[in-house]
Amino acid sequence: MGTTEAGDHTVIFDHAREPVGIDFPDIFNVAVAFIDRHLAEARADRCAIRSVAGDISYRVLAENVACAAHVLTARGLCRGERLVMVVKDCPEFFYIFWGAVKAGIVPVVLNTLLRAQDYRYYIEDCGCAGVVCSPDLADTVFAACATAAPPPRWQASTTEIVAAMAGAPAAFAPAPTGPLEDCFWLYSSGSTGKAKGVVHVHRDMVVICQRYGIGVAGIREDDIVFCAGKLFFSFGFGGGMIFPLWAGATTILCDEKSSAQMAFAMIERFHPTVYFAVPTLYAQQLHEIEQHPRDLGSIRRALSAGEALPAAIFQKWKDLTGIAILDGIGSTEVLHIFVSNRPDDIRPGSSGRPVPGFEVKIVDEDDRELGANEIGVLMVKAQSNARCYWNNPEKTATTMRGAWLYTGDMYYVDDDGYYVNAGRCDDMIKVGAMWCSPIEIEGRLLEHPKLREAAVVGRRDDDGMIKPAAHIVLKNPDDATEATIEELKQHCKTSLAGYKYPRWFHFVEQLPKTATGKIQRFRLREGD
């Protein structure tokens with residue numbers, strides 16, 4: 001048994017209890033446990049955030065969180081109201097996110113790579129009272145605010161928020177929230193392409209940090225943590241913010257787009273001891289390392305999730321760097337990884353074993369639990385499971401089945417008890433750990449005047465990473481040229497987020513369909 005205390009917000013960890021065994025008081029504001037606690041535990045002068053702009057101590061972080069809470073409430077945001085955040089990875093993200101949580105306001109964290117029409121959907125869907133964004137995203141985000149119905153009451157850039165914080169008090173009494181009160185949202189895409197608001201409560205971050213961040217990843221107070229994934233999706237949210245914060249460690253932030261060169265630059269400059277990246281990025285870095293060796297000697301632990309890590313990538317990375325990658329499977333709905341390899345228990349090509357405190361099972365279409373080597377859908381039971389999908393009771397009912405979450409991931413357990421990914425049970429495509437809807441990509445393709453029909457599926461590249469592949473029927477077969485392919489790529493890139501454009505184009509005479517006219521994408525995947 002263990003405890004952590006922050007004022008009256010004592011949390012008890014009873015490792016003998018199942019399935020999770022973490023008890024919370026009736027009044028519990030998680031910002032106290034993640035921010036204020038470090039001052040009480042003598043970490044005030046330790047570095048919390050490191051970036052090219054300089055270091056931020058835990059004392060400065062706590063003061064700025066309090067200032068941000070004052071600014072947000074002064075703008076009329078009330079407990080339980082939503083605040084949309086379209087903010088790049090920077091200290092201001094921490095100030096505003098935790099300031100909102102401390103005030104009982106619910107931050108809704110959005111992808112920073114989208115377009116105005118996407119942001120309009122999110123703003124309308126969540127019914128937010130306010131919107132805050134990075135200055136270089138203001139034109140796009142404010143355009144979405146102007147056309148949203150209803151529009152948010154106010155919008156501001158982070159620059160405006162920080163300017164207002166300069167005159168605010170450096171202390172703020174936390175809202176008396178409960179552990180099961182709504183705390184924050186992330187968005188997760190679904191098979192129809194409509195993004196769903198995933199509602200997490202105050203206790204969820206503690207559970208995932210204690211069970212995975214401390215228990216499996218083994219993050220310590222003396223660690224320097226760098227996550228190449230962005231804070232706006234759950235993998236980066238965990239590795240880049242909540243795991244290092246919970247441990248009292250240092251996190252490295254970079255507001256640049258994720259790339260192999262960016263990751264190498266941050267690693268060689270700041271020397272992290274713990275490194276999070278998705279398999280696609282590990283593969284890109286391997287190409288660079290084979291040409292030009294890089295200094296990765298500071299890293300004691302490398303972690304991966306977001307998509308399955310091919311065994312070949314694991315082995316090549318270990319051969320070239322001497323570091324074993326701990327791969328796992330997680331989800332936005334569970335908040336992070338719930339099945340994982342361990343430092344002393346690795347099976348390349350698998351997701352490992354269940355994280356202690358999480359129950360998992362594999363079921364058939366009738367929800368009957370399957371045995372070893374039988375492929376079915378992975379389900380997970382955890383104290384960190386999301387409360388619901390916002391304003392979507394039908395999807396909530398089909399996915400959140402009592403205490404169990406139906407992940408939509410196809411898995412089997414091998415004879416030794418390791419969980420192996422067998423793909424998705426729907427048509428979603430995961431590119432660089434971010435979901436893509438084939439319907440969205442097909443819709444854009446079909447706006448091109450040369451196309452009659454289009455179908456998009458996932459295909460593995462030479463490194464085993466999934467990327468979109470388009471199968472298209474042209475109005476004029478004579479247009480089946482390389483010039484047309486380049487036109488279609490640019491057509492997609494001008495309207496879709498950068499990672500969503502198809503990497504391959506297949507000209508076909510017709511698409512496989514059911515008797516009712518539905519495209520059979522699984523036949524196209526078989527054809528690849």
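For the structure itself, look to the data block above.
For clarity, every value in this text was computed on a predicted model and none was experimentally measured.

Some details on the overall build of the protein chain
- Secondary structure summary: the protein chain contains 15 helices and 29 strands in total.
- Relative to the globule expectation of 24 Å for 528 residues, the C-alpha radius of gyration of the protein chain, 23 Å, shows essentially globular dimensions.
- Put simply, the protein chain has 528 residues, and 58% of those count as buried.
- Taking the contacts inside the protein chain whose residues are at least 6 apart along the sequence as the reference set, 67% of them involve residues at least 24 apart.
- The averaged location of the 67 negative side-chain charges in the protein chain is 2 Å from the averaged location of its 54 positive side-chain charges.

Comments concerning the packing of helix α4 (residues 116–126) against helix α5 (residues 138–147)
- Orientation of α4 relative to α5, taken along the N-to-C sense of each, is 50°, at an axis distance of 8 Å. Classed by the angle they form, the pair α4 and α5 counts as oblique. Seen along the crossing, α4 lies across α5 with a hand that is right-handed. On α5, the residues that touch Ala-116, Tyr-119, Arg-120, Ile-123 and Glu-124 of α4 are Thr-140, Val-141, Ala-144, Cys-145 and Thr-147.
- Class assignment for the residues of the contact of α4 with α5 results in 6 nonpolar, 2 polar and 2 charged.

Some details on the sheet that holds strand β11 (residues 196–201)
- With respect to topology, 7 strands assemble into an open sheet ordered β9-β8-β6-β7-β10-β11-β21, the strand pairing being mixed. Both edges of this open sheet fall to β9 (154–157) and β21 (388–389), since each of them pairs with a single strand only.
- As defined by bridge partners, strand β10 (residues 182–188) adjoins β11 across 6 bridges and the pair is classed as antiparallel. Across the sheet, the residue bridging to Ser-188 is Lys-196, located in β11.

Focus on the packing of helix α10 (residues 279–291) against helix α11 (residues 311–321)
- Packing of α10 against α11 brings their axes to within 10 Å, and their N-to-C directions diverge by 40°. By the angle class used here, α10 and α11 are oblique. The way α10 lies across α11 gives a crossing that is left-handed. Touching Tyr-282, Ala-283, Gln-285, Leu-286, Ile-289 and Glu-290 of α10 are Ile-313, Lys-316, Trp-317, Leu-320 and Thr-321, all from α11.
- Residue composition of the contact of α10 with α11, grouped by class: 7 nonpolar, 2 polar and 2 charged.

Quick look at the pattern of salt bridges
- Across all of its chains, the model carries 29 salt bridges by this definition.
- A salt bridge links Glu-447 to Arg-444, with the shortest nitrogen-to-oxygen separation between them at 2.5 Å.
- Counted as one network, the salt bridges with shared partners bring together Arg-37, Glu-41, Arg-43, Arg-46 and Glu-221.

Side note on the environment of Trp-98
- As for its position among the elements, Trp-98 is in helix α3 (residues 91–102).
- Sequence separation between Trp-98 and Glu-509 is 411 residues, and the spatial gap between their C-alpha atoms is 54 Å.
- Those residues within four positions of Trp-98 in sequence are excluded, and the remaining contacts are Val-30, Ala-31, Phe-34, Ile-35, Val-65, Met-205, Met-241, Ile-242 and Leu-245.

A word on the nonpolar core
- Core analysis: the biggest nonpolar cluster contains 173 residues, and Phe-34, Leu-61, Phe-97, Trp-98, Met-205 and Ile-242 have the highest contact counts within it.
- Of the residues forming this core, the biggest block, 10 residues, is contributed by helix α2 (residues 58–74).

Brief notes about unusual backbone geometry
- Residue Ala-149 is joined to Pro-150 through a cis peptide bond whose omega torsion reads -5°.
- Summarising the element assignment, Pro-150 is placed in the loop between α5 and β9.
- Positioned with a positive phi, Ala-42 is a non-glycine residue whose angle comes to about 65°.
- In this structure, His-271 is a non-glycine residue whose phi angle is positive, near 55°.
- Along the polypeptide, His-271 turns up in the loop between α9 (260–270) and β14 (274–276).
- Note on His-271: relative accessible area 39%, which makes it partly exposed.

As for the side chain of His-38
- Positionally, His-38 belongs in helix α1 (residues 30–40).
- Residue classification places His-38 among the buried residues on the basis of a relative accessible area of 0%.
- Engagement of the side chain of His-38 in a polar contact is seen with the backbone oxygen of Phe-34, the distance being 3.2 Å.

Describing α5
- Listed as buried for α5 are Ala-138, Val-141, Ala-144 and Cys-145. Angular distribution of buried residues about the axis of α5 spans 135°; they occupy a single face of the element. Exposed residues pointing more than 90 degrees away from the buried face of α5 are listed as Asp-139 and Ala-146.
- If you follow the buried residues of α5, they end up packed against β6 (82–86), α4, β8 (130–133) and β9.

Topic: the sheet that holds strand β4 (residues 47–51)
- Here 9 strands make up an open sheet; going across it, the order is β5-β4-β13-β12-β14-β15-β16-β17-β18 and the pairing mixed. Since the sheet does not close on itself, it has two edges, and those belong to β5 (54–57) and β18 (353–354), each with one partner.
- In this structure, β4 lies alongside β5, joined through 4 bridges in antiparallel fashion. Within the sheet, the bridge partner assigned to Ile-49 lies in β5 and is Ile-56.

With respect to the side chain of Arg-301
- One can find Arg-301 in strand β15 (residues 301–304).
- In this structure Arg-301 is buried but unpaired, with Asp-223 as the nearest side chain of opposite charge at 7.1 Å.
- Arg-301 has contacts with Val-216, Ala-217, Gly-218, Thr-273, Val-274, Tyr-275, Leu-326 and Pro-343, leaving out every residue within four places of it along the chain.

Cut-offs and rules
- Residues numbered from 1 in each chain as written.
- Predicted model: local features only at pLDDT ≥ 70, side-chain atom pairs only at ≥ 80, totals over all residues.
- Heavy atoms only, no water.
- Helix = DSSP H or I, 4+ residues; strand = E, 2+ residues; numbered from the N terminus.
- Rg over C-alpha atoms; globule rule 2.2 N^0.38 Å.
- Buried < 20%, exposed > 50% of the residue type's maximum accessible area, 1.4 Å probe, protein only.
- Contact = heavy atoms within 4.5 Å.
- Lys, Arg positive; Asp, Glu negative; His and termini not counted.
- Charge placed at Lys NZ, Arg CZ, Asp CG, Glu CD.
- Axes fitted to C-alpha atoms, helices over the stretch in contact; angles between N-to-C directions.
- Parallel < 35°, antiparallel > 145°, perpendicular 65-115°, else oblique.
- Left-handed = near helix turned anticlockwise from the far one by under 90°.
- Nonpolar A, V, L, I, M, F, W, Y, C, P; charged D, E, K, R; others polar.
- Pairing = 2+ DSSP bridges.
- Salt bridge = Lys/Arg side-chain N within 4 Å of Asp/Glu carboxyl O.
- Core = buried A, V, L, I, M, F, W, Y, C linked by side-chain atoms within 4.5 Å.
- Polar contact = N/O pair within 3.5 Å; in protein donor to acceptor, adjacent residues only side chain to side chain.
- Arc of directions from axis to C-beta.

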